[in-house]
Each structure stands twice: as structure tokens, then as C-alpha cells.
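Spelled out, the chains give:
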Amino acid sequence: MPNKGHVIPLREAVRAWFSISWQTFGGPAGQIAVMQHKLVDDKRWISQRRFLHALNFCHFLPGPEAHQLAIYTGWLLNGWIGGMIAGILFVIPGAVAILGLSALYIAAGSTAVVTGLFAGVAPAVVAIVAHALQRVASRALGHPILVALAVTAFIALAFFKIPFPVVVLTAGALGWALSRKIPELRRVKADPSDNGPAPLISDDALHQDRPSHRRSLLIILLGAMVWLAPVGLAALVFSPQSVFVDQGLFFSGAAIVTFGGAYAVLAYVAQQAVNVFHWLAPGEMVKGLALAETTPGPLIMVVQFVAFVGAYRNPGNLDPWAAAVLASVLVTWVTFVPSFLFVFLGAPYLERLRGKQHVAAALTGITAGVVGTIADISLYFTEHTLFNDVRALQWGPIQLDVPVWASWNPVALAITALACLLIFWRKWATMRTLGLCSGIGLGIGTVTMLNS
């Protein structure tokens, strides 16, 4: 019989998710690593294989995969209420931070203060993401074939700019096909470094729901109503042509096409926000992205900055500050509600496939492809943090972003090196490392301003 109760006490789960929510820096790689450490390594609530099984599914969904992984694992431990709590707590710190920083940006007229405060955070995140990539890869790539798939995926993304959905689907198909010749791919060995005690909760004891057409239809209808109701209400209270309806509809659409993470859709969002809707001035999207990269929560939270600034400048009959806050909340809602819908709808079906070896091999191939994707994102972030200028080069089908070596940032490089020593050698926690590096960056920025 499926377990419909709480596998762990709900109060203990809330404390764990609250702790995780304040450590979700470093983009999806860092966020996944935080959950890996807390749920698999520390609490031992979920086995490594079950965690990766959930991760495979979330990588395949549109939207922020780390947020969806939080919902999925929360559902496994405490049912739908656990998924709701995990997903909501995962978003709140970043939403509050971006709301405050967006208001500061508007009030101050620039991001000078914010840039000074977080001058050391971006280099620290380079080290955090590198560490997260190493941890995820060591656990997911248990066979040389999977290593080859990850490297191939990285080359396809970094050198040929092949769309993420194509890469991940190909990796899954190759994982399935190769498993027919290589049985080891159907049962990849656990990471040798994972030599701690067995999980405290067996896989079979975790929460499950029996999938059915009635349940699926109910989730689709209820989820769609909850998701889009605020947009309809905005159309009634204001007008169908208001900035709130424009933003609600636009970001609702963006939420279901964000395969491959935030970077895959940000170029499209920037183009529409600047050239079509005129919510932002040219260059402001980069400033919003910088804020999102240095706050907890999913990187796609940058859409909240877009909504805040756009509504402040196009408030209609409302006070500009009220319009900005309302738009910020609305866009956050329509961006993240689909994650709950997708997970609650698909997780029971995936659980039924958990014992299917060829399906497991396909999902393992997908995970290998996603490791290559995280490596590509890590390269992108490193280039744009350690160098002030990056140029695009092209040779036939090869497209490569190359840093301008003369534009290297010695301060960012020094802080990155320090963060790497603290994380890899001294085994410092994420928050401790970020705190020290942000303090160093703020100090350097203050001295620079005083001397200028």
C-alpha cells in the first residue's frame, strides 16, 4: 500500500527546508549540492539513487530544476503538503532579497551600493559552483560511458550551441540504447566516496501516490486555475491592456519554455522586455542578472526585477511603488506555480517507472547530459566573473565565447582563489564562505570609492 502519511515529522522537515532555503546560492548546481548534503549526506532521509532518480525527472521539466527537486523530495517525505512547504520556502528568501534590491535599485538610481556589497560574492560563487559540479559529477558519472556522454554534451552546448532539449533527449536515448549492450548502465555503482551509513528511510517507505486519469485531470484543472487566476483578476480590476496582464501572460509563457535552466531563456526575456514591452533600458537586464546571481534561490528570479522595474515605470493609475510590488508578486507567482503542477502531476508516474532498468538507464543518460550542461553554465559564469569582456568567435558550425585576456579582473581572481581554498581544502560551508568573500568585496569597494 502507498504510504500517504509523513515519513518524517513535519516540524523537522520544515526546519530542514528553512535551513536549505537560506543556502541556495550558486545557481542550480549549488542549490542541488545543498540539498544533496542536507538530505542525502547529513540527514540520510533519501538514498543517493532515489535523489538522482528525482533529479533526472526534474532536469527534464521546463522551469527551475532545483526548485522542482525541492518539491519532489518534499513530496517523497511528507506528501503534497511537504512538497508545498519545500517549494514555497525554497523561493521566499530569494523573492524577498530581489524585491528589496530592486527597490534599492530604483531608489538609488544605480546598483553602485549593491555592487559594492556583493563585489566578492560572484567570485565566491564560481568556487561554489565548481565544488557542486565536482560533487554531482562524482555521484552521477559511475561509468566511463556516462563520462563520455557528459563531455559530449558539454562540447555540444559550449562549442556548437545546440539547444538543451536536443542535448538532453539525445543523452537519454543514448543511455537507453547503450544499456542494451552494456548492462552496467542499468545499475550504475554508487559513488565510492559515499561510505556513510545506509539511509535511515528505505526507498519503499517514502511517500507515493497511485497515478490515475482522475487524479491527473484534477491536478491539471486545479493547477491551471490557481496558476492563471491572478492574471484574470488583474484584467478585471485594472484592464486587459495593463502592465500586470502583459507581464502575467508573458512570464506564464516563459515559465513553460525554460528548458535548460534560466540562461536558456534569459536572452529571449531580455529582448522582449527591452525591445517589445520597453520595461527595461538596454543593459539593465545584465544588472538584474547580477542581482539574481548573488541572492539565494533560482536564477530565474531575475524576472522579478524585470517586473518591478517595468511596472514602476508603467504604473497606470496606481502609485508607482505599489504597482512595482504588485507586479513583482504576480510575476513570481506565475513563474513558480507551474513547478508544483508539473511535479505533482508527473512524480507518481515516474515512481512507477523506478524499477524499470531501461528507463533508469535513459534517465541516467539524461543526468550525464545535464552534468555537461552544468559544466557549460559554470564556464559561462567563470568567464563573465573573472573577465570584464568576453567576445564571440565562430568557425563554421563552431561558436565559442572567449574572454579578452587583457580584461581579467585581479580582485575577482584573488577572491575566487581564496574561496576555492576555503571550500575544497578547509571544507568551509557555503554561507560562511559567502559571508567572508562579500565582506572582502565590500571593503575593497569602500576603499576604492574613498580613493576615487
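Residues numbered from 1 in each chain as written. Predicted model: local features only at pLDDT ≥ 70, side-chain atom pairs only at ≥ 80, totals over all residues. Heavy atoms only, no water.

- As recorded in an unreviewed UniProt entry, the protein chain goes by the name Chromate transport protein, listed as coming from Arthrobacter sp. Chr15.
- The annotation that UniProt attaches to the protein chain under Subcellular location (unreviewed entry) is "Cell membrane".
- The protein chain has a UniProt comment under Sequence similarities (unreviewed entry) that states "Belongs to the chromate ion transporter (CHR) (TC 2.A.51) family." (UniProt positions renumbered as here; feature names shortened; annotations may be inferred.)

Structural notes on the overall build of the protein chain
- On a plain count of helices and strands, the protein chain comes out with 17 helices and 2 strands.
- Relative to all contacts within the protein chain whose residues are 6 or more apart in sequence, the contacts with residues 24 or more apart total 74%.
- Roughly 20300 Å² of accessible area belongs to the protein chain as shown, and the carbon and sulfur atoms make up 68% of that amount. (Helix = DSSP H or I, 4+ residues; strand = E, 2+ residues; numbered from the N terminus. Contact = heavy atoms within 4.5 Å. Areas by Shrake-Rupley, 256 points an atom, 1.4 Å probe, with all protein chains shown as cover.)

Topic: the pairing of strand β2 (residues 398-403)
- Pairing of strand β1 (residues 390-395) with β2 involves 6 bridges; the strand directions are antiparallel. Looking at β2, one finds that Val-390 is bridged to Pro-403.
- Linking β1 back to β2 in an antiparallel pair, the connection comprises 2 residues, with Gly-396 at a positive phi of about 60 degrees. (Pairing = 2+ DSSP bridges.)

Quick notes on the nonpolar core
- With 101 residues, the main nonpolar core has Trp-17, Met-35, Tyr-72 and Phe-251 as its most contacted residues.
- No other element matches helix α4 (residues 65-108), which puts 17 residues into this core.
- Residues contacting Tyr-72, with those up to four places away along its chain left out, are Ala-54, Phe-57, Cys-58, Val-343, Ala-347, Leu-350 and Glu-351.
- Core analysis: the next-biggest nonpolar cluster, separate from the first, contains 14 residues, Val-121, Ala-122, Ala-127 and Ile-128 among them. (Core = buried A, V, L, I, M, F, W, Y, C linked by side-chain atoms within 4.5 Å. Buried < 20%, exposed > 50% of the residue type's maximum accessible area, 1.4 Å probe, protein only.)

Things to note about the packing of aromatic side chains
- Taken as a whole and judged by the stated rule, the model has 15 aromatic pairs.
- Seen from their ring centres, Phe-277 and Trp-279 are 4.3 Å apart, and the 5 degrees between their planes marks the pair as stacked.
- Between Phe-387 and Trp-405, the aromatic rings sit 5.1 Å apart at their centres with planes inclined by 90 degrees, giving edge-to-face as the arrangement. Residue Phe-387 is located in the loop between α15 (357-386) and β1, and its partner Trp-405 is located in the loop between β2 and α16 (410-425); the two are separated by 18 residues in the primary sequence. (Phe/Tyr/Trp six-rings, centres within 6.5 Å; stacked < 30°, edge-to-face > 60°.)

A look at helix α1 (residues 10-21)
- For α1, with 12 residues, the first-to-last C-alpha span of 16 Å sits near the 16 Å given by 1.5 Å per residue.
- Of all the positions in α1, only Ala-13, Ala-16, Trp-17, Ile-20 and Ser-21 are classed as buried. Down the axis of α1, the buried set is contained in an arc of 135 degrees. They therefore lie on one face. Projecting away from the buried face of α1 at angles above 90 degrees are the exposed residues Arg-11 and Arg-15. (Expected span 1.5 Å × (residues − 1). Arc of directions from axis to C-beta.)

Examining the layout of surface pockets
- When its volume is computed, the second largest pocket comes out at roughly 810 Å³.
- As for the second largest pocket, its lining consists of 28 residues, of which Met-84, Val-226, Val-337, Phe-340 and Phe-344 are closest to the centre.
- Only α4, α9 (213-237) and α14 (320-352) provide two or more residues apiece to the lining of the second largest pocket.
- For the lining of the second largest pocket, the leading source of residues is α4, giving 11 residues.
- A breakdown of the residues in the lining of the second largest pocket according to their chemical character gives 20 nonpolar, 6 polar and 2 charged. (1 Å grid on protein atoms, 1.4 Å probe; cavity = no way out; pocket = protein on both sides within 12 Å on 5 of 7 lines; lining within 4 Å. Points joined across faces, edges and corners; volume = space filled by probe spheres on them. Nonpolar A, V, L, I, M, F, W, Y, C, P; charged D, E, K, R; others polar.)

Points about the environment of Tyr-380
- Along the chain, Tyr-380 falls in helix α15.
- As a C-alpha pair, Tyr-380 and Asp-401 span 21 residues in sequence and 8.2 Å in three-dimensional space.

A word on the packing of helix α3 (residues 48-59) against α14
- With their axes 11 Å apart at the nearest point, α3 and α14 run at an angle of 125 degrees to one another. The angle between α3 and α14 places the two elements in the oblique class. α14 is crossed by α3, and the crossing has right-handed handedness. Mapping the contact onto sequence places Arg-50, His-53 and Phe-57 in α3 and Phe-342, Val-343, Gly-346, Ala-347, Leu-350 and Glu-351 in α14.
- Partitioning the contact of α3 with α14 into residue classes produces 5 nonpolar, 2 polar and 2 charged. (Axes fitted to C-alpha atoms, helices over the stretch in contact; angles between N-to-C directions. Parallel < 35°, antiparallel > 145°, perpendicular 65-115°, else oblique. Left-handed = near helix turned anticlockwise from the far one by under 90°.)

Quick look at α16
- Between its first and last C-alpha atoms α16 spans 22 Å; for 16 residues at 1.5 Å apiece the expected length is 22 Å, and the two agree.
- Taken residue by residue, α16 has Ala-412, Ile-415, Thr-416, Ala-419, Leu-422 and Ile-423 as its buried positions. The arc that holds the buried residues of α16, viewed along the axis, is 130 degrees, so those residues lie on one side.
- Where α16 ends, the next residue or the one after it, Lys-427, has phi of about 60 degrees, a positive value.

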